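Chains, contacts and geometry: an overview
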Amino acid sequence: MAKERPWAASPVAADVGEAPIAVKSAARTLRILEFFDEIRRGARANEIAERLAIPQSSASFLLNSLVRLGYLDFNHRARTYLPSIRTAVLATWRDTGCFRDGSMLAQLERLAADTGLTAILSTRDKLFVSYLHLVQTKRPGGLHIPLSVRRFAVNVASGIVVLAESSDAEIRALVHRTRAQPYPGASEINPGDVLARVNFARTRGYFLSKGLVDPRFGGIAVALPTTITGGWQDMAITVSGEVGEIVEREFELLDALIQSIRGLDRAFELTQAGGGA
């Protein structure tokens, strides 16, 4: 009888398109660190290898190398790995706003806890939307979304809301380039449908997707204002879950997203005034 694998209980979101070309060992190393950010707990080598589709021998070599370099800790009794404090403080100098003071991550944690759904911070990267940070739902059987997953910007709620500031001509050109991509479903994306979704986001200030990527799941997204992002990167926050629940709780979830943004605005104002310490 095969041993039960508790980490295999939830469906895992499929990627759209191939990951950018990178040195394999470097890509795997960074993916391991991202994986810990997704699961928020220690993990054994066999789970990491299976979940990231890395050969067991390669995973063990990389994990042990990261332990020797001080980027992972290893619990000998539980046989589990966990990011070290050295990893936790990497690049904290990069931002002086909502990330450095912890308010962005705290708001995402609160959003996930209050709604019971997955809370996501994402950004647009050319044709795609990439996930910067997410807090997974703790519900059994809920969709697990890896940080490495990318979505077409014209076909996901977070992409639609950040495109609301773009012109119709820019959006048509983006749809045209997306339709030319050699990935399943890309050629079926309809320019008229995309423009209708963007116009909804322009009028209402949010967008609710119903099974655009996976027929079982949807999301509701709001773009972050430039007072929070600094204007150097388009970002959005989303809550994601089963379509029926997203639709039923639409305005409750929208209010939760708006409250999160207000909380970030207040935190930013305190930081600017020197009161964030």
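**Here we look at the overall build of the chain**
When helices and strands are tallied, the chain shows 11 helices and 8 strands. Sorting the 277 residues of the chain into buried and exposed places 45% on the buried side. Here the analysis covers contacts within the chain between residues at least 6 apart in sequence; of these, 60% occur between residues at least 24 apart. In the structure as shown, the chain presents an accessible area of about 15,000 Å², 54% of it carried by carbon and sulfur atoms.

**Considerations on the nonpolar core**
Among the nonpolar cores identified, the biggest contains 24 residues, and Leu121, Ile220, Leu224, Ile237, Val239 and Leu257 are the most heavily contacted of them. Put simply, the parts of the chain that give this core at least two residues each are α5 (103-115), β3 (118-125), β7 (217-223), β8 (235-242) and α11 (250-272). Ranked by residues supplied to this core, first place goes to α11 with 6 residues. Residues in contact with Leu257, not counting those within four places in the same chain, are Leu111, Ile220, Ala221, Val222, Ile237, Thr238 and Val239. Ranked by size, the runner-up nonpolar core spans 23 residues in total, among them Leu127, Phe152, Leu195 and Val198.

**Observations regarding the environment of Asp114**
For Asp114, the position within the fold is in helix α5. Asp114 sits 142 residues away from Ala256 along the chain, and the two C-alpha atoms are 8.0 Å apart.

**Things to note about the packing of helix α1 (residues 24-39) against helix α3 (residues 56-69)**
Relative orientation of the contacting elements α1 and α3 amounts to 70 degrees, with a least axis distance of 11 Å. Classed by the angle they form, the pair α1 and α3 counts as roughly perpendicular. Every pair of crossing elements has a handedness; the one defined by α1 and α3 is right-handed. The residues of α3 that touch α1, namely those facing Ser25, Arg28, Thr29 and Ile32, are Ser58, Leu62, Leu63 and Leu66. Taken together, the residues of the contact of α1 with α3 break down into 4 nonpolar, 3 polar and 1 charged.

**Things to note about the packing of aromatic side chains**
Going through the model one piece at a time under the given rule, you end up with 6 aromatic pairs. Note on Phe74 and Tyr81: the rings are 4.6 Å apart at their centroids and 45 degrees apart in plane angle, and the pair reads as tilted. Residue classification places Tyr81 among the buried positions, given a relative accessible area of 6%. Clustering of aromatic rings is evident, with ring pairs tying together Phe128, Phe152 and Tyr183. When the ring centre of Phe128 is taken as origin, the NZ or CZ atom of Arg150, which lies over that ring, is 3.8 Å away.

**Quick word on the confidence of the model for the chain**
Predicted confidence across the chain gives a mean pLDDT of 85, with 83% of residues reaching 70 or more. The lowest-confidence element of the chain is helix α4 (residues 85-88), averaging 76 in pLDDT; the highest-confidence one is helix α8 (residues 191-204), averaging 97.

**Description of the pairing of strand β6 (residues 207-210)**
Across 4 bridges, the pairing between β6 and β7 is antiparallel. Along β7, the bridge assignment pairs Leu208 with Ile220. Where β6 folds back on β7, the antiparallel hairpin that results is connected by 6 residues, among which Gly211 adopts a positive phi of roughly 70 degrees.

**Some remarks on helix α7 (residues 168-179)**
In this model α7 runs 16 Å from its N-terminal to its C-terminal C-alpha over 12 residues, within 8% of the 16 Å that 1.5 Å per residue would give. Along its buried surface, α7 packs onto β3, β5 (150-152) and α8.

**Section: the side chain of Ser209**
Counting through the fold element by element, Ser209 comes out in strand β6. When neighbours within four sequence positions are excluded, Ser209 is seen to be in contact with Ala157, Gly218 and Gly219.

The rules behind the values
- Residues numbered from 1 in each chain as written.
- Predicted model: local features only at pLDDT ≥ 70, side-chain atom pairs only at ≥ 80, totals over all residues.
- Heavy atoms only, no water.
- Helix = DSSP H or I, 4+ residues; strand = E, 2+ residues; numbered from the N terminus.
- Buried < 20%, exposed > 50% of the residue type's maximum accessible area, 1.4 Å probe, protein only.
- Contact = heavy atoms within 4.5 Å.
- Areas by Shrake-Rupley, 256 points an atom, 1.4 Å probe, with all protein chains shown as cover.
- Core = buried A, V, L, I, M, F, W, Y, C linked by side-chain atoms within 4.5 Å.
- Axes fitted to C-alpha atoms, helices over the stretch in contact; angles between N-to-C directions.
- Parallel < 35°, antiparallel > 145°, perpendicular 65-115°, else oblique.
- Left-handed = near helix turned anticlockwise from the far one by under 90°.
- Nonpolar A, V, L, I, M, F, W, Y, C, P; charged D, E, K, R; others polar.
- Phe/Tyr/Trp six-rings, centres within 6.5 Å; stacked < 30°, edge-to-face > 60°.
- Lys NZ or Arg CZ within 6 Å of the ring centre and 35° of its normal.
- pLDDT = per-residue confidence, 0-100.
- Pairing = 2+ DSSP bridges.
- Expected span 1.5 Å × (residues − 1).

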